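Listed below, chain by chain, are the residues.
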Amino acid sequence: MPLQEAAFHILVALADADKHGYAIMQDVTERTRGAVRLNVGTLYSTIKRLLETGWIEELDERPSEDDERRRYYRLTEVGRAEVRAEAARLEQMLLIAKRAGLAPRKV
Amino acid sequence: MTRLLLLLYPKAFREEYGREIKLSFEAQWRREPSAGLVLRTVWDILQTAAGLHVEMAAQDVRYALRVLRTNPAFASAAVATVALGIGATTATFTLYHEALIKAPPFREPERMVRIVDTNPQAGIQSFSSSIRNFATWQERSSKFESMGAFQPKDINLTGDGNPERVAGLATYGAFGDVLGIRPRLGRWFTEDEDKPGKDRVILISERLSERRGWHIGESIEVNGEKRTIVGVLPDFLGLAKGTDAVIPMAPVLEREGHGDHRVFALARMRRGVSTGEALDEMLRICTQLETEFPKPNRGWRVRLQSIRDWLVDSRTRETYNLLLAAAGLLLLVACVNVANLLLARAAAREKEIGIRLAAGANRARLTRQMVTESLVIAVIGGAAGLALVGVAVRLLLPGGATIDFDVVAFSAGATMATGLLFGLAPALKVRDGRALPGPRRTPVRQLLIGSQVAVAMVLVTGALLLVQTLVRMLDADLGFQKKNLYVAKFSPSPKRYDTGEKAHNLYTSILREVRAIPGVESAGITSEIPLGSMTTEMRMIAEENGARFQTDAVRSNWRIVTDGYLQTLGVRLLRGRFWHDGEDPRLLPVVINAELARRLWPAGEDPVGRSIRLGNGRSVYVIGLVGDVRQIAVEERSPTNTLYFPSDLLVWETMTLTVRTRVAPLSIAPAVEAAVRRVDPAQPLFGVRTMEEHLAESAAGQRMRALLLTVYAGMALLLGAVGVAGVTGYAVARRRKEFAIRMALGATPVRVMGEVTGIQMMVCGAGLAAGVVGAWVLRTKIESMLYGVQPGSLGTFASSASVLALVTLLACLLPALRVTRIQPAAALRND
């Protein structure tokens, strides 16, 4: 099953550091140079699903500098494996398209 | 604004993430305060909220199905109860819909009215119209797009082989335009065909066209003369079911009396014209007609009745409202039962729910789950109920009623409402986290039980009242002997039998042949038998008061009868005599009933030998006084006053032959048919049945009411009993250990039982009391449907109250008996 695009971006955003919701949104915008902008509804409904599947988890304690007491999320090992599999799948698809002469000139 | 949008999310999600969403949005807003962001966010929230709801519902439904599967006894009890309730309600609604809601096949029925003649001076509320006045209305009115008049008419079709009689209409004016119904093939009559001599045309129904293989352009013999088929009509014209032929009335207007009220007038108002405007104009024309032809038109006015009100009388409406209300009450009882089941189970699941809450389950989520569970039960039950109704309708009313979108929508609505209703109590308990029902703390369940008893009491009383009414009606004294009577109708051709004398000769010949049939005791012919579909009335006054006719005339029913008819029915001759051969017709000898004599001569003079002045100025001479016969309806308050005309006085279209037999009445049917054919081969008999069948048919409405209400009452009683028994049984089970200890310490089982059932009985008693009040209110509502049941009679109430008391007592005691089987040692050892 292909991963939902929003889920993919959220998982990637959590790959290097634990983040709260707003930080995830910012990270996605920067990483995609503004091409993907997550909105709050999509963000949290996706977070809810990812929590249910156990691909991410909520942290019990928050970094001390956080004054707003936001909720922080962390990528689990299962989640990490899923993003890897997804990336591999996307690469495979890109390869197929290339062989058919359908790939974009520059990726 | 965000807060408002957040409300769109499922509560559990909102509680979990609402604050986060708000914070994140605020952070976004600080960086990019633009309308674009707002729009994007709103759109996003709308989409994801919908998605989450669907997802959650699917999860809950799966969970509910799993839970139900693990407890099949509970699931089937709940589903069956709902199916019963929804089935009864939907079945009733199907009938209700068929009778009251379904749109008549007319184009824009809201513009259609029936013009009803009234005569306030004479106390007449509703009367048919005269064709002569109708023609004037047509000429002078401007507010109507079209006007048409009609008269129901039985039509004899002969021609190719066997004579057949069909129900038909004779129409005048733009009848087809008023209805706005197009013929399937061909056309309605032209204006020209409405004139005498040019009227040799006929429209037939699709059904008749198929059955006899008749087509447009063909010529068929109708009432003894050739007519050309000019059109084929749909089978249902919205007026009377089973209309198979329509012919032009083609009256000779100059010969029609202004006071000869015999047609129904319909009209279609112009677009944008209000009923008030149309009525004002009609009343102006009525006043003109009164000045122009004062004698026949004195006091005659009209009112406009919407076509719907005309087709569905208030009595029918009342009946269906009553039945729907009764079914609604039954559904309520069913709901209460399921709610009780759910509460009992919620108590049993107390532990499961407690654990889930402790494990951090969201309360809102749990509540949602409980409601979903109730809805799943409701939907399965509702679907089963609807399926039951579908089967029942197909079996019981072939072609009579249809289950269409409205019915399904109603059923679905009722199902949802039901699910929410009975799911409410257990769901609220979880939401508020209130103590789940314990042994002594079951106020909600007690309240539910009490209301069940109350509702059952109301329904049982209603059913008893209606059943009593039906029984009283069926063996009411109608003023004649109803056993061993054969009846059949026939319509002599008005062309062949155009004078009273010719008609009389036909009757005499038929009667001579019929009386010769073995097994026949006597026979007679009349224009209408008692409780027939037609009423014929005219105004009259005692000859000596003739000058006061306009003010004091009495309205009376009249019938045409041959000699032998009253004797055949067994109507008692109180004074004077019946007609005999060689009567001088110029004297116009008539027989009247006791009620009419009382009205005409209130002082009690002997009417025999006196004369009566009729509305047309002629006088008739009373030769006999007979007992009262219920002519119009069994339940009428006072007997119908009736004047019997001899059969050589006037011609009538459809006559009824009545035969008193010594054998089973219908066994002579073939012989009677043969006898009539010997007299006139083109004379079909129709409506052949026994008088008892005819009477049963006229009580069909009462029978349906009584039957349905009895079924509902029985189901409510059963469900109520099950509900009470369930609660008692549950209380016993819950307190098993406590009872065991107390019985081990010497308490007697009777004492313990009393304690268990005590509260229950008090609750039932309170419910019963409330039910008596409800039943009393119901009684006043259905008073007009009752007959022969004494107003304020306590007997009915006492009997239904004792039935209820007995049933609830049993329902309390039987489960409580389990107390006596408790083995203290075993009960204590068990847990």
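Here the structure is a predicted model, which is why all the values come from computation and not from measurement.

S.K.: Explanation requested: the overall build of chain B in the structure shown.
M.R.: Looking only at helices and strands, one finds 26 helices and 23 strands in chain B. Taking all 831 residues of chain B together, 41% fall into the buried category. A separation threshold of at least 6 residues defines the contact pool for chain B, and within that pool the share at least 24 residues apart is 83%.

S.K.: What am I meant to see in the overall build of chain A here?
M.R.: Looking only at helices and strands, chain A features four helices and three strands. Scanning chain A from its N terminus toward the C terminus, one meets helices and strands in the order α-β-α-α-β-β-α. Across the 107 residues of chain A, 30% fall into the buried class. Long-range contacts, defined as pairs at least 24 residues apart, comprise 53% of the intrachain contacts of chain A with a sequence gap of at least 6.

S.K.: How do you make sense of the interface of chain A and chain B when you look at a structure like this?
M.R.: You'll often see interface size given as the accessible area lost when the parts meet. Residue-level contacts link 14 residues of chain A with 18 residues of chain B. Among the elements of the structure, helix 2 (21–31) and helix 3 (40–53) of chain A are those that each provide at least two residues to the side of chain A that touches chain B. At seven residues, the largest contribution of residues to the side of chain A that touches chain B is made by helix 3 of chain A. A per-class count over the side of chain A that touches chain B returns five nonpolar, five polar and four charged.

S.K.: I tried to follow the sheet that holds strand 2 (residues 56–58) of chain A on my own but got confused; where do I start?
M.R.: In a beta sheet, neighbouring strands are held together by backbone hydrogen bonds and run either parallel or antiparallel to one another. All names here are of chain A. Taken together, three strands build an open sheet; the order of strands is 1-3-2 and the sheet is antiparallel. At either end of the open sheet lies a strand with only one pairing partner, and these are strand 1 (19–20) and strand 2. Of the strand pairs in this sheet, strand 2 and strand 3 (residues 72–75) are connected by three bridges, and their pairing is antiparallel. Among the inter-strand pairings, Ile 56 is bridged to a residue of strand 3, identified as Leu 75.

S.K.: Explain unusual backbone geometry here, please?
M.R.: Residues other than glycine predominantly adopt negative phi, and peptide bonds predominantly adopt the trans conformation. Residues and elements named next belong to chain B. Unlike most non-glycine residues, Glu 108 shows phi in positive territory, near 40°. Positionally, Glu 108 belongs in the loop between helix 4 (72–101) and strand 1 (112–119). In this structure Glu 108 comes out as exposed when scored by C-beta crowding, with 10 C-beta atoms within 10 Å. One non-glycine residue, Asn 484, lies in positive phi territory at about 55°. The topology assignment puts Asn 484 in the loop between helix 15 (443–474) and strand 13 (485–490).

S.K.: How do you make sense of the packing of helix 15 of chain B against helix 25 (residues 794–816) of chain B when you look at a structure like this?
M.R.: A pair of packed helices is characterised by two quantities: the angle between their axes and the separation of those axes. All names here are of chain B. Interhelical geometry of helix 15 versus helix 25 gives an angle of 135° and a closest axis separation of 9 Å. Taken together, the axes of helix 15 and helix 25 are oblique relative to one another. In the packing of helix 15 onto helix 25, the handedness of the crossing is right-handed. Where helix 15 approaches helix 25, its residues Val 453, Ala 456, Met 457, Val 460, Thr 461, Leu 464, Leu 465 and Gln 468 are matched on the opposing element by Thr 796, Phe 797, Ser 799, Ser 800, Ala 801, Val 803, Leu 804 and Thr 808. For the contact of helix 15 with helix 25, the residue count by class is ten nonpolar, six polar and no charged.

S.K.: Looking at this structure, how should I read the nonpolar core?
M.R.: Generally speaking, nonpolar side chains in soluble globular proteins are found buried as a group. Residue and element names in this part refer to chain B. Core analysis: the largest hydrophobic core is formed by 96 residues, its most contacted members being Leu 330, Val 333, Val 338, Ala 456, Leu 459, Tyr 712 and Ala 716. The biggest single contributor to this core is helix 11 (residues 314–348), with 19 residues. Those residues in contact with Leu 459, other than ones at most four positions away along the chain, are Ala 326, Leu 329, Leu 330, Tyr 712, Ala 713 and Ala 716. Counting residues in hydrophobic clusters, the runner-up holds 60 residues, among them Leu 478, Trp 579, Leu 596 and Ile 612.

S.K.: I'm lost on the pairing of strand 20 (residues 619–626) of chain B in this one. Help?
M.R.: In summary, the side chains of a regular strand alternate between the two faces of the sheet. Residue and element names in this part refer to chain B. Within strand 20, six of the eight residues are buried, leaving the element largely enclosed by the surrounding structure. In this sheet, strand 20 lies alongside strand 17 (residues 573–576) in antiparallel orientation, the contact comprising three bridges. Bridge pairing links Arg 575 to Leu 625 in strand 20. Taken together, the five bridges between strand 18 (residues 589–593) and strand 20 define a ladder with parallel strand orientation. Directly across from Val 590, in strand 20, lies its bridge partner Val 622. As judged from the three bridges shared by strand 19 (residues 611–614) and strand 20, these two strands associate in the antiparallel manner. Bridging across to strand 20, Arg 613 finds its partner in Ser 619. Hairpin connection, strand 19 to strand 20: the antiparallel pair is bridged by four residues, and Gly 617 has positive phi, about 90°.

Procedures and definitions
- Residues numbered from 1 in each chain as written.
- Chains lettered and ligands numbered in written order.
- Predicted model: local features only at pLDDT ≥ 70, side-chain atom pairs only at ≥ 80, totals over all residues.
- Helix = DSSP H or I, 4+ residues; strand = E, 2+ residues; numbered from the N terminus.
- Buried ≥ 20, exposed ≤ 12 C-beta atoms within 10 Å, placed from the backbone.
- Contact = placed C-beta atoms within 7 Å.
- Nonpolar A, V, L, I, M, F, W, Y, C, P; charged D, E, K, R; others polar.
- Pairing = 2+ DSSP bridges.
- Axes fitted to C-alpha atoms, helices over the stretch in contact; angles between N-to-C directions.
- Parallel < 35°, antiparallel > 145°, perpendicular 65-115°, else oblique.
- Left-handed = near helix turned anticlockwise from the far one by under 90°.
- Core = buried A, V, L, I, M, F, W, Y, C linked by C-beta atoms within 7 Å.

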